[in-house]
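# Secondary and tertiary structure notes
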Amino acid sequence: MKTKHLAIIICCISSLLIGCTPMPNDDTIYISGQYVTVDENGNTIPFEHKVKCSLEVTYNSQVSYGMSTYRQTIPLYSEEDGSFVYEVKNVGSYRARLNTTYVDGDTLRYRNDTIIICSYGKPQKDVILPLKASHSFNPLLFPLRIVTSDTITFSINHDALTLIEIGVIIIGEDGKSIKRDDGLLELKVLWRFEVDNKQSFTFTLENSESEIAEGQRSVRLLLRYTTKNYGSYQTPFSLYRE
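The following refers to the structure shown. (Residues numbered from 1 in each chain as written. Predicted model: local features only at pLDDT ≥ 70, side-chain atom pairs only at ≥ 80, totals over all residues. Heavy atoms only, no water.)

All chains considered together, the criterion is met by 14 aromatic pairs. A centroid spacing of 5.2 Å and a plane angle of 85 degrees characterise the contact between Phe47 and Tyr102, whose relative ring orientation is edge-to-face. Here Tyr102 lies in strand 6 (residues 95-104) and Phe47 lies in the loop between strand 2 (44-46) and strand 3 (52-60), a separation of 55 residues in the sequence. Judged by its relative accessible area of 6%, Phe47 falls in the buried class. Looking at Tyr102, the relative accessible area reads 18%, which means it is buried. (Phe/Tyr/Trp six-rings, centres within 6.5 Å; stacked < 30°, edge-to-face > 60°. Helix = DSSP H or I, 4+ residues; strand = E, 2+ residues; numbered from the N terminus. Buried < 20%, exposed > 50% of the residue type's maximum accessible area, 1.4 Å probe, protein only.)

Among the secondary structure elements, Tyr225 is positioned in strand 16 (residues 218-227). In the structure, Tyr225 is positioned 71 residues away from Phe154 in sequence and 9.6 Å away in space, judged by C-alpha atoms. With residues near it in sequence (within four places) discarded, Tyr225 still touches Phe137, Pro139, Phe154, Ile156, Leu161, Leu163, Gly231, Ser232, Tyr233, Gln234 and Thr235. (Contact = heavy atoms within 4.5 Å.)

So, about the sheet that holds strand 10 (residues 140-142). Spatial strand order, 10-12-15: 3 strands in an open sheet with antiparallel pairing. Here the strands that pair on one side only, and so sit at the sheet edges, are strand 10 and strand 15 (200-204). Along the sheet, successive strands turn relative to each other by an average axial angle of 20 degrees, direction set aside. In the sheet, strand 12 (residues 151-155) pairs with strand 15 via 5 bridges, with the strands oriented antiparallel. Residue pairing in the sheet places Phe154 in a bridge with Phe201 of strand 15. (Pairing = 2+ DSSP bridges. Axes fitted to C-alpha atoms, helices over the stretch in contact; angles between N-to-C directions.)

Here is the structure:
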C-alpha cells in the first residue's frame, strides 16, 4: 500500500514539475511565394511592387507557470517584383497572421489578411497571395472639432459624391452593431443630403442640438457617403454641444 501511495506522489510531483517548466520558443514560421492581383477574367497577375506587411507571431513567456503567451508584430517587406520569403525563427507557435497593405498613391489600397500554419515546422512554399483592391478616399471633415452650429464641409480625394447620410449606429438585441449586406454598419439616419456629383459638399445639421441627450456634451455619429463609381463608405465623427 505504501509503495502504491509513493508511486502516486511521485507521479503528482512529476506532473507538477512538468507544468512549471516554461514552454520553449523553438518553432519556425516560413512562407515564400508571390503577391498577385486578379483581373476581371480570373487571371492572376504578379503584383510588381515592394509590399510592406506585418507578421503577428506568438511567443511563450518564460515564466514558471509555463502557460502564458503573448503576441508580437514583426514588419516585413517583399521584393520589388512582389515575390517574398518570410522566415521567423524561435517563436512559440507554428501559427501566425500575415497582414499585407499596399497604398497606390492616395486612391487605391491593396490588402490581404492570411493565417499561416506551418504544421510541425513544415515550410509553406510557392504560396500565391492575392491582393484585393479597394478605393481609398481619405475623407476630410472640416472643422476638425464640429459643434452644433457649425457649417460643415465634407470632401473626398477622387471620384464624386452622390449621397451623404449621417446617423447613429443601430445596436441589435445581442448588443452588437448590425451590418448591411455590403459590410457597412446599419444606421438610424438623422440627416440625408443628395449631392450632385461633387468631390466636396458643405452643409449644416439642423436641429442637431436635440440629438444630444440632456447632460451630454457630445454624440458619436457615423457619416456614410456614396460615390458615383465605387459604392458606399463610412467615416465616424463626433458632434459637440456649443
